Structures are given as C-alpha cells and as structure tokens.
Amino acid sequence: MISIKDVKKIYSSRQGKVTAVDNVNLEITEGEIFGVIGYSGAGKSTLIRMLNGLEIPTEGSVVVAKNEVSKIKGSSLRKARQEISMIFQHFNLLWSRTVRENIAFPLEIAGVPKGQRMKRVDELIRLVGLEGREDAYPSQLSGGQKQRVGIARALANNPKVLLCDEATSALDPQTTDSILELLVDINKRLGLTIVLITHEMHVIRKICHRVAVMEGGKVVELGPVLDVFKHPKEEITKRFVQQVTEPEETKETIEHLLELYPHGTVVQLGFVGEAAEQPLITNLIRHYNVTVNILQGKISQTQNGSYGTLFIHLDGESEELSKAISYIESQQVGVEVISNA
Amino acid sequence: MLETLLPNVNWEKMIEATNETLYMTAISVVITFILGLILGLLLFLTAKGNIWENIVVNKVIGSVVNVFRSIPFIILIVLLIPFTRAILGTMIGENAALPALIIGAAPFYARMVEIGLREIDKGVIEAAKSMGAKTSTIIVKVLIPESMPALVSGITVTAIALVSYTAMAGVIGAGGLGNLAFLEGFQRSRNDVTFMATIIILIIVFIIQFIGDSITSKLDKR
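Residues numbered from 1 in each chain as written. Chains lettered and ligands numbered in written order. Predicted model: local features only at pLDDT ≥ 70, side-chain atom pairs only at ≥ 80, totals over all residues.

Asker: Help me understand the overall build of chain A in this model?
Answerer: A tally of helices and strands in chain A yields twelve helices and 14 strands. The principal-axis extents of the C-alpha atoms in chain A amount to approximately 80 × 50 × 35 Å. Counting the 341 residues in chain A, one finds 41% classified as buried. (Helix = DSSP H or I, 4+ residues; strand = E, 2+ residues; numbered from the N terminus. Buried ≥ 20, exposed ≤ 12 C-beta atoms within 10 Å, placed from the backbone.)

This is the structure:
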C-alpha cells in the first residue's frame, strides 16, 4: 500500500544543510497499523508529511495507493490526497465552521453534491460518536471531541490511508485511549491502512502492528511491535520500551530492595504471549529450594499479544539459585539478572 | 430652541452635505474593501513560505503599498488631480473625491488584511491542502472565513479613516460635511455650522464603530 524507497530529505538553512530524513526504506501493507516512534527532531514528522506530498523528498520515491506522491503535481496530487487523509496534533479544524460544516469540508473539495454531503456527514458523526454536537463550534468542544471531528473529516472521502501526525499528543491519557480505540475500530471496520507517528511508546503498544524507531533521520529498528518489545536491540528502543514496561520509580525501588536484601539475586522476567499465562512462580517454589519475593510487575497489551515484566528477588544456596534461573530460561521467559547482591 | 443655539445652520444644506459624505464614504469603503482584500491576499500569498511564494512580486506590491500609505492624504489629492481629471473630467463634486479616497485607503487596508491573514493557524491551511484543496478553494473557504473578524474590524477602522478623508477632500471642493464646515463655517466665521458638521461626523463615526464591533463579535466563534 505504501512504499518508501531510498528517501532522503535535506533542508538548506542559513546554518548549512540539515538532513531530516536519511535513506529511509519502508514497505507498509494494506490494512496495517504502522507506527513510527522517535524523539522530536528524529525526522518522523518530515517522513509522514512526504506520504501526502506536503513535503517532497530530495531523493528517492514515495508511492502511496499506487500514486507516486513524490512525483505527481497539480490536480493528480490533489486527487491522490483525497485518498490519503491526515489528522493532526492540534486538530486544525476551521473555527468558523460547525462540526457538521467541518466534516463536510473535504466533501465540498471533492465536489460531492449537497444532499449526498449531508447524508455522509450524518453517517460520519455517528461513526465517531458525536451525535448531538453537530451544530457546535470547535471552541465549544473538548480536545477529544475535536480529534473525533478531525477523524470524521479525514474519513469523509473514504480514504485508503490515514496519516496520524502526533494525533494524541495533545490529549490527556484517558482521552488518548478512547481516540486510539476509535482508530483500531476504524482500522478493523473499514480495513484502512493507518500510519502514525508519536513519541509515546504507549500509543505504539496499544494499537500498532509494526513499528519503526527513528533517530537522526534514520530508521534504526523495525519489526512487529511484540518482537521489538521482546528484544529491543538499540539503546533508544530500549528506552522507549521502558516507558511502558518500567514505571519511573522502578529503578529506585530496586536499589532500595537491594539494600534491604543483601543476599540473593534480583531478576527481571519478561513474559510474552502464551508464557504470560503459565504458573511460573508456583513451579519455582515447588521444585527449587529458593525463596521468591515479588517486587514489581506489569502486563501490557499489544495488538499481537500481551507482554509482561516481573521483578522478583530470589534467595537461597547459590547452586539452587543458578538451577532456578536456568529453569526459568527453559520456560521461554526472558531473564535478566539485574544484580547479584 | 435649535434656531437660537445654531442661528446660521441651514438644515437643508446640512442634510445634503451629510448625504454627500455618506455617499463618498459608502462607495469608497466598498471599493477599498475589494481592492484592499485583493492586495492583502497577494501580499500574504506571495510572502516567503506561502502558496504563491514570489519574492519579487511581494516586494513590488509591498513597496507600492508603503509609498501610498506614507503620502499625507491632503497631498495625495493634489497629486492625483491630473489622474482624476483624466478619468472623470472634473475636480468638483463627490465623485471627484473617490479616486483619492480609494487610492489613499486601499493600501492601508491591504496591510490590515495581510496581518489578519497571517494570524490564521498555518495548520488549518495545511489541513486544507492535505484534503486536496485548490488554492482558490483555500482562499474562498479557509483564508477569508477564518480571518473574517479581522477583515471586518479592519474595514471598520478604515471606514472611520475614510470619513475624515472625505472631510479633507471637501476642503478642496468635493462637497460633503467637510466642505460645508470649511466654506460656510470657517470662511464665514459661523462657528455653529462648523460645530454642527462636527457633531454629525462624530455620529457617523460612532455608528460605523458600533456596526463594525457588533458584526465582529457576532462572527468570532473562537
């Protein structure tokens, strides 16, 4: 559905040339929710804007829904853009139009006759759950409602691809979740391909099938979300994964516990998919002569399975300890010994 | 009662002069609005980083606007005498004031239009582009409606300036309340006439301001 080949974007500024996107290659299949994560300045915003021709790559080609957006101009680009919708961090609604009129705007652009337009708008209002707010102005809506208008507007012309430019970054956590659920729902119901960029791993975890990690204009890591969670390779990816798996205070808690339990070992276990449902701890205590103390744990759901982390403190004879650890390893559970006291 | 306070005021003449002032103001406001809007849009669209980015055109329009905005109005009228003669054949009467009024006010309003347009969130223009909108659609359906409150408050200020311009134009023979105040009031030392003409001009200004303010606040849904 989307094919990005050897794409480079170089900006010339007074301070010299800046490479915003550096040799990126990506293939995104139909019906996929594809996430791009990176800190600000990583080039993800430039990358997504090349998908609808708001930015033109300096080198390489971008093909979206059979249109070579990096090449076409004028009316064929405008036509292509009706199939590639976009939603924005700051919603970008027209304040002078009501909800209904905002959603009708892309239909006016596409030249849909008025009667049909009104019918389609009503459908969209129901789809995003904004019944009763049709005649409100954007200034009378909450952030979440504004983004719902943005989504309805983006879906008006039945696009093939939906681009989300930090679509939830201006929303509170609860609203973020409801917008993400709406996106998943749309993806499933309409089979829409979604590309989103974000700096929050939470968003990737919650809805994406695959993820690309960007740093300094390059894609440094790419793969199914669960794999990336399981085996993050790059330092930056590990940091993003930690955003979700390890709450801020974990490190302090562990340091504190290491002081409290000068003997034994603190181990971090990583559970993926099926393994998350086995009675691992019970088996551990029954079969080995060790004491197990659960320090902290968390399970996160991703689109292709669940992913859990558990911190435990093991104490006992060192021989029993190493046996216990090799047992855990045999159970398809990721083990990382944090510290030997 | 009025006759004792204002012994020299000829009400028939006063009403006629008021009508002339209103006529000059109305016509020049309408044409200034259209011309200023076009110039303002061109200034905005040809600026750096915009849809029709063109530094040369932008600089040329910008300079013309600045030159005409800087010439004092009373001098502009005199400078435009040959031009006015050429297109209207006369220098006397309300219509003779129109070219100077419009050429004096349109550049002033064009700058206000440009400022209003620059206040539009860039993201909204980008959103329209991402939906596949043509530039003409962006102008008609995004730029103008989204800057409407600024356009209206700008034309209100311009209209008030135009009322005072008509009074100045009156001094050199264009008719209206300025003409009356100058010829009947000042030159014949009939202060009551000058006073009454001033009062009427003030009322006109207040009414324009009131209408402008109420339309602006009605339009602004932000």
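Asker: Can you walk me through the sheet that holds strand 8 (residues 193-198) of chain A in this structure?
Answerer: Residue and element names in this part refer to chain A. Taken in spatial order, the six strands make up an open sheet running 6-7-8-3-9-10, and their pairing is mixed. In this open sheet, the two edge strands, each paired with only one partner strand, are strand 6 (84-88) and strand 10 (218-224). If you compare each strand with its neighbour and ignore which way they point, the axes differ by 15 degrees on average. Here strand 7 (residues 161-165) pairs with strand 8 via five bridges, running parallel. Looking across to strand 8, one finds that Leu162 is bridged to Ile194. Here helix 9 (residues 235-245) sits on the sheet and contacts strand 3 (33-37), strand 9 (210-215) and strand 10; the angle it forms with strand 9, its principal contact strand, is near 120 degrees. (Pairing = 2+ DSSP bridges. Axes fitted to C-alpha atoms, helices over the stretch in contact; angles between N-to-C directions. Contact = placed C-beta atoms within 7 Å.)

Asker: I tried to follow the packing of helix 8 (residues 135-174) of chain B against helix 9 (residues 176-186) of chain B on my own but got confused; where do I start?
Answerer: Two packed helices can be described by the angle between their axes and the distance between those axes. Residue and element names in this part refer to chain B. At a minimum axis separation of 6 Å, helix 8 and helix 9 run at an interaxial angle of 60 degrees. As the angle between them shows, helix 8 and helix 9 are arranged oblique. Of the two elements, helix 8 crosses helix 9, and the hand of that crossing is right-handed. In this structure, helix 8 uses Thr166, Ala167, Met168, Ala169, Gly170, Val171, Gly173 and Ala174 to contact helix 9, whose residues at the interface are Gly176, Leu177, Gly178, Asn179 and Phe182. Classifying every residue of the contact of helix 8 with helix 9 gives seven nonpolar, six polar and no charged. (Parallel < 35°, antiparallel > 145°, perpendicular 65-115°, else oblique. Left-handed = near helix turned anticlockwise from the far one by under 90°. Nonpolar A, V, L, I, M, F, W, Y, C, P; charged D, E, K, R; others polar.)

Asker: Please clarify how the interface of chain B and chain A should be interpreted in this entry.
Answerer: Think of interface size as the accessible area that goes away when the parts come together; that is how it is often given. Listed by partner, the interface residues are 18 residues for chain B and 18 residues for chain A. Listing elements by their share of the side of chain B that touches chain A, those giving two or more residues are helix 7 (122-130) and helix 8 of chain B. Take the side of chain B that touches chain A: its biggest share by element is six residues, from helix 7 of chain B. Residue composition of the side of chain B that touches chain A, grouped by class: seven nonpolar, four polar and seven charged.

Asker: Please clarify how helix 6 (residues 94-118) of chain B should be interpreted in this entry.
Answerer: Quick reminder: α-helices carry 3.6 residues per turn. Residues three or four places apart thus point the same way. Residue and element names in this part refer to chain B. Taking 1.5 Å as the rise per residue, helix 6 with 25 residues should run 36 Å; its terminal C-alpha atoms sit 36 Å apart, in good agreement. Along its length, helix 6 reaches its greatest deviation from straightness, about 25 degrees, at Ala106, and the proline Pro107 lies no more than four positions downstream. By the criterion of burial, helix 6 is predominantly enclosed, with 19 of the 25 residues buried. (Expected span 1.5 Å × (residues − 1). Bend = angle between axes of the 7 residues up to and from the residue.)

Asker: Whenever I open this one, unusual backbone geometry confuses me. Can you help?
Answerer: Trans is the prevailing form of peptide bonds, just as negative phi is the prevailing case for residues other than glycine. Residue and element names in this part refer to chain A. Phi angles above zero are rare outside glycine, and Phe91 is one such case at about 65 degrees. When you line up the elements, Phe91 lands in the loop between strand 6 and helix 3 (99-110). A tally of 25 C-beta atoms within 10 Å means that Phe91 is categorised as buried. With a phi close to 50 degrees, Asn158 is a non-glycine residue in the positive phi region. Look at Asn158 and you get exposed, because 12 C-beta atoms sit within 10 Å.

Asker: Any chance you could explain the pairing of strand 10 of chain A here in plain terms?
Answerer: On any regular strand, side chains alternate: one points to one face of the sheet, the next to the other face. Residue and element names in this part refer to chain A. Two elements, strand 9 and strand 10, share six bridges in a ladder whose sense is antiparallel. Bridging across to strand 10, Ala212 finds its partner in Leu222. Between the end of strand 9 and the start of strand 10, which pair antiparallel, lie two residues, with Gly216 showing a positive phi angle near 55 degrees.

Asker: Can you walk me through the confidence of the model for chain B in this structure?
Answerer: Averaged over every residue, the pLDDT of chain B is 91; residues scoring 70 or more account for 100%. Quick note on the complex model: pTM equals 0.84, ipTM equals 0.87. (pLDDT = per-residue confidence, 0-100.)

Asker: Please explain the environment of Lys146 of chain A as it appears in this structure.
Answerer: All names here are of chain A. Within the fold, Lys146 resides in helix 5 (residues 143-155). Its 21 C-beta neighbours within 10 Å are what place Lys146 among the buried residues. In this structure the C-alpha to C-alpha distance between Lys146 and Leu130, which are 16 residues apart in sequence, comes to 9.8 Å. Not counting chain neighbours up to four residues away, the residues in contact with Lys146 comprise Phe91, Leu93, Pro138 and Leu141.

Asker: Explain the confidence of the model for chain A to me, please; I cannot follow it from the model alone.
Answerer: Should the pLDDT be low somewhere, the predicted coordinates at that spot are not to be read in detail. Mean pLDDT for chain A: 88, with 96% of residues reaching 70 or above. The secondary structure element of chain A with the lowest average pLDDT is strand 14 (residues 334-340) of chain A, at 71, and the one with the highest is helix 3 of chain A, at 96.

Asker: Just to check I follow, could you spell out the packing of helix 2 (residues 11-45) of chain B against helix 3 (residues 55-70) of chain B for this structure?
Answerer: Residue and element names in this part refer to chain B. One can describe the packing of helix 2 onto helix 3 by two numbers: an axis separation of 9 Å at closest approach and a directional angle of 135 degrees. By the angle between their axes, helix 2 is oblique relative to helix 3. When you trace helix 2 past helix 3, the crossing you get is left-handed. Note on element contacts: helix 3 touches helix 2 through Asn58, Ile61, Gly62 and Val65, opposite Leu39, Leu42 and Leu43. Residue composition of the contact of helix 2 with helix 3, by class: five nonpolar, two polar and no charged.

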